[in-house]
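Secondary and tertiary structure notes
Take a look at the letters that make up each chain.
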Amino acid sequence: MTSSSTSRRCSAIPALVFAILVLATWTVAAQVTEKPAAAGEPYVYTHWETFYAEEDGLPNDHIFALTADGDRLWVGTEDGLALYEDKTWRSWREKDGLPWRVVSAIAVSEKTGDVWVGLLGGGLARFSGGRFDHFNQFNSGLVNDVVYGVAVLDDTVWVATTAGMSALNTVTGEWEIYTEKNAPMEEIWCYNVDAGDGKVYAAVWGGGILEWDVETRRWNAHRDPDREMEIDLYRDDGLIHIITTSASYVDEVLWASTYFGLSRYDGRHWRGWMDHDSGLASNFINIAKGRSGTSCYSATDYGVAVLSDFATDTWVSYRRETEDAETWTAYIGTGNEERRTVVTDLSLPNHFVIALEFQGDDLWIGTGHGLARGVGKGFFEGLSKAEASPREEEGQ
Amino acid sequence: MTVKPCFAAAAIVVFAMVASAGDEVATTPTPEAEPTVYGDTPEELVPYGRFTEPYKTFFLEPNQYRGYGRHIPEPEHVDTVKIGFLGPIEATVSVATGGASHE
């Protein structure tokens, strides 16, 4: 009896350990498995795929630009242009005809399918029919070869350079140049450009946001009303800061990123967010991209911060909990109040996010070492209207 | 528009700054309290200081580098630090505009 009991206890110990392991595994798995969100909860990207250089097919894993074209993704890297299509990578380096190794911006013409490639120090290239055509400050109206941003609106390619903006009419071949001489540019370092619905927005480093109206052919400047570098006098009186890094125009709403926070302008009202009053883990935003007029994704030096729902000020911020954490954590909150966290399987080694792009329901992010795709299975915009799951747990 | 073939000048100037790592170098003092204004700005020069408190004051904490390579430990002993400068040191000419691009 005693022997038998001991035997059962002995055999029960591994079983108990096994059960604990299974339970622990199930708990972790439950956290990274897509499940219906409770009512009023934002969508969280829990499952991610990662891509690095060479072994994964990328020519280089220092990612500078991401542009989706339907099911295809164009990637600009420090050493080449890459295309991801049907789970296969193709790439072009200088030896393949790419005029310059550093690809800093990419835009695809909806009308022609041409791919316009901004080259950091190498000007601009048109990739069409398998051939690269090269435009630079010596052979064209491109105002400078240091190109940071490219956007296509109808027949016009807009190029943001370190010495102003250039616009190429692809039908007539004519160039227009905008600098401090003919545009309200307090600085000429144009960092980013976005275009849509008859508007072109240029983010000027030290010059705010410039808005070009295609119909009236006039510039309008948005600047920080307090005109001071070291403060923001009022939160919602205008652009947070004059050092802007990107502009994104969607649903007639302008999202503008700065190195001091995020701004939103609906044509009448401004709203600003900073790290102390929102889900932004850092004010240092490299680029922001609006998914709609009420949702914006910010690529910061400390992960990705997502304003999921403007009306409720709901945020999801992705970053590592500790320096040595193996994967990133999603922090879900309202304003700057964190409500709960969700473990993800994103394993990119650093937080410095330089590029981001939407592709259907998926989210791509590019860093200084690696590219990742958040798989948007069951994605929804805004907040979930689903019934609360009984297994949904608050807190960690 | 006439585009004249000209050349833009760019230069990289590398300075070498010698920093002594000897015992005579004093440790940088740590502030006893968090700064409340940028750069110890005198009260009378604080922007809008006579009017109101700003919603946010920037530059009170140094930015951290969070990019790739952060995990690489700081060197234990540094004798020299090379500081690079990238930019025009003389007026440059914009080919596209046919004029000076940085006046």
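Residues numbered from 1 in each chain as written. Chains lettered and ligands numbered in written order. Predicted model: local features only at pLDDT ≥ 70, side-chain atom pairs only at ≥ 80, totals over all residues.

What to know about the overall build of chain A
Heads up, the rule is: Segments assigned H or I by DSSP are reported as helices when at least four residues long, segments assigned E as strands when at least two residues long, and all are numbered from the N terminus. Counting other C-beta atoms within 10 Å of each residue's C-beta, where C-beta atoms are placed from the backbone, gives the exposure class: buried for 20 or more, exposed for 12 or fewer, partly exposed between.
The helix and strand inventory of chain A stands at one helix and 31 strands. Put simply, chain A has 396 residues, and 47% of those count as buried.

Re the overall build of chain B
Note the cut-off: Note on contacts: residues are paired as contacts if their backbone-placed C-beta atoms lie within 7 Å.
If you tally the helices and strands in chain B, you get zero helices and five strands. Sequence-ordered secondary structure for chain B, helices as α and strands as β, is β-β-β-β-β. When each of the 103 residues of chain B is scored for burial, the buried share is 8%. By sequence separation, contacts in chain B at least 24 residues apart represent 68% of the contacts at least 6 residues apart.

Section: the pairing of strand E11 (residues 156-161) of chain A
Residue and element names in this part refer to chain A. Heads up, the condition is: Any two strands are treated as partners once DSSP identifies two or more bridges connecting them.
For E11, a buried count of five out of six residues is recorded, marking the element as mostly surrounded by other parts of the structure. Across six bridges, E11 lies against strand E12 (residues 164-169) in antiparallel orientation. The residue of E12 that forms the bridge with Val157 is Leu168. In textbook terms, the turn of a hairpin is the stretch between consecutive antiparallel strands, and for E11 and E12 this stretch comprises two residues.

What about the interface of chain B and chain A?
Note the following rule: Classification used: nonpolar for Ala, Val, Leu, Ile, Met, Phe, Trp, Tyr, Cys and Pro, charged for Asp, Glu, Lys and Arg, polar for all others including Gly.
Counting residues at the interface gives 23 residues for chain B, matched by 30 residues for chain A. Partitioning the side of chain B that touches chain A into residue classes produces 14 nonpolar, six polar and three charged. Pairing of strand E18 (residues 231-232) of chain A with strand E2 (residues 56-57) of chain B involves two bridges; the strand directions are antiparallel. Residue pairing in the sheet places Asp232 of chain A in a bridge with Lys56 of chain B of E2 of chain B.

Some words on the sheet that holds strand E27 (residues 328-334) of chain A
Residues and elements named next belong to chain A. For clarity, the threshold we go by: In this analysis, axes come from line fits to C-alpha atoms, helices being fitted only over the stretch in contact, and the angle between any two N-to-C directions falls in the range 0 to 180 degrees.
A sheet is described by the order of its strands in space; here six strands give the open sequence E23-E24-E25-E26-E27-E28, paired in antiparallel fashion. Among the strands making up the open sheet, the edge pair consists of strand E23 (285-290) and strand E28 (337-343). Mean inter-strand twist for the sheet, computed between neighbouring axes without regard to direction, equals 20°. Bridging between strand E25 (residues 303-309) and strand E26 (residues 314-320) involves five bridges; their strand directions are antiparallel.

Some words on the sheet that holds strand E29 (residues 353-359) of chain A
Across a sheet, strands are paired by hydrogen bonds formed along the backbone, either parallel or antiparallel in direction. All names here are of chain A. In space, the four strands of this open sheet follow the order E1-E31-E30-E29, with antiparallel pairing throughout. Among the strands making up the open sheet, the edge pair consists of strand E1 (48-51) and E29. Strand after strand, the sheet turns through a mean of 20° between neighbouring axes, direction not considered. Strand direction decides the pairing type here: E1 and strand E31 (residues 370-374), joined by four bridges, are antiparallel. By the bridge assignment for E31, Thr50 is matched with Ala372.

Digging into the nonpolar core
For clarity, the cut-off: Buried Ala, Val, Leu, Ile, Met, Phe, Trp, Tyr and Cys residues form a nonpolar core when they are connected through C-beta atoms within 7 Å.
Counting 114 residues, the largest nonpolar core has Val117, Val150, Trp158, Val193, Ala202 and Leu356 of chain A as its most contacted members. In this view, Val193 of chain A contacts Gly149, Val150, Ala151, Trp158, Ala160, Val200, Tyr201 and Ala202 of chain A; residues no more than four positions away in its chain are not counted.

A few points about the environment of Lys56 of chain B
As for its placement among the helices and strands, Lys56 of chain B is situated in strand E2. Those residues within four positions of Lys56 of chain B in sequence are excluded, and the remaining contacts are Ile231, Asp232 and Met274 of chain A.

Looking at the pairing of E28 of chain A
All names here are of chain A. As paired elements, E27 and E28 share six bridges and run antiparallel to each other. Bridge pairing links Thr334 to Glu337 in E28. Between E27 and E28, which pair antiparallel one after the other, the connecting turn spans two residues, and Gly335 there sits at a positive phi close to 55°.

A short note on the environment of Thr300 of chain A
All names here are of chain A. In this fold, Thr300 is placed in strand E24 (residues 296-300). Residues Thr300 and Leu348 lie 48 residues apart in sequence; the distance between their C-alpha atoms is 14 Å. Residues in contact with Thr300, not counting those within four places in the same chain, are Leu280, Ala281, Ser282, Phe284, Ile285, Asn286, Ala305 and Val353.

Re unusual backbone geometry
Phi at Glu252 of chain A is positive, roughly 60°, even though this residue is not glycine. In this model, Tyr48 of chain B sits at a positive phi of 60°, which is unusual for a non-glycine residue. Mapped onto the fold, Tyr48 of chain B is located in the loop between strand E1 (11-18) and E2.

Topic: the confidence of the model for chain A
For the record, the criterion: The predictor reports its confidence for every residue as pLDDT, a score running from 0 up to 100.
Per-residue confidence for chain A averages 90 on the pLDDT scale, and 88% of its residues sit at or above 70. Across residues 388-396 of chain A, confidence stays below pLDDT 50; counting only partners more than four residues off in sequence or on other chains, it has nine contacts.

Considerations on the environment of Arg319 of chain A
Residues and elements named next belong to chain A. Mapped onto the elements of the fold, Arg319 is located in strand E26. With 20 C-beta atoms counted inside 10 Å, the residue Arg319 sits in the buried group. Distance in space between the C-alpha atoms of Arg319 and Ser292 is 23 Å, their sequence separation being 27 residues. If we skip the residues at most four places from it in the chain, Arg319 touches Ala281, Tyr302, Gly303, Trp328, Thr329 and His351.

As for the confidence of the model for chain B
Close inspection of predicted coordinates is inappropriate in any region flagged by low pLDDT. Residues and elements named next belong to chain B. Of all residues in chain B, 50% attain a pLDDT of 70 or more, and the chain-wide mean is 67. Ranking the helices and strands of chain B by mean pLDDT puts E2 first, with 93, and E1 last, with 31. This stretch, residues 1-23, has a pLDDT under 50; its non-local contacts, to residues over four places away or in other chains, come to 43 contacts. Overall fold confidence for the complex sits at a pTM of 0.82, while the interface term, ipTM, reaches 0.82.

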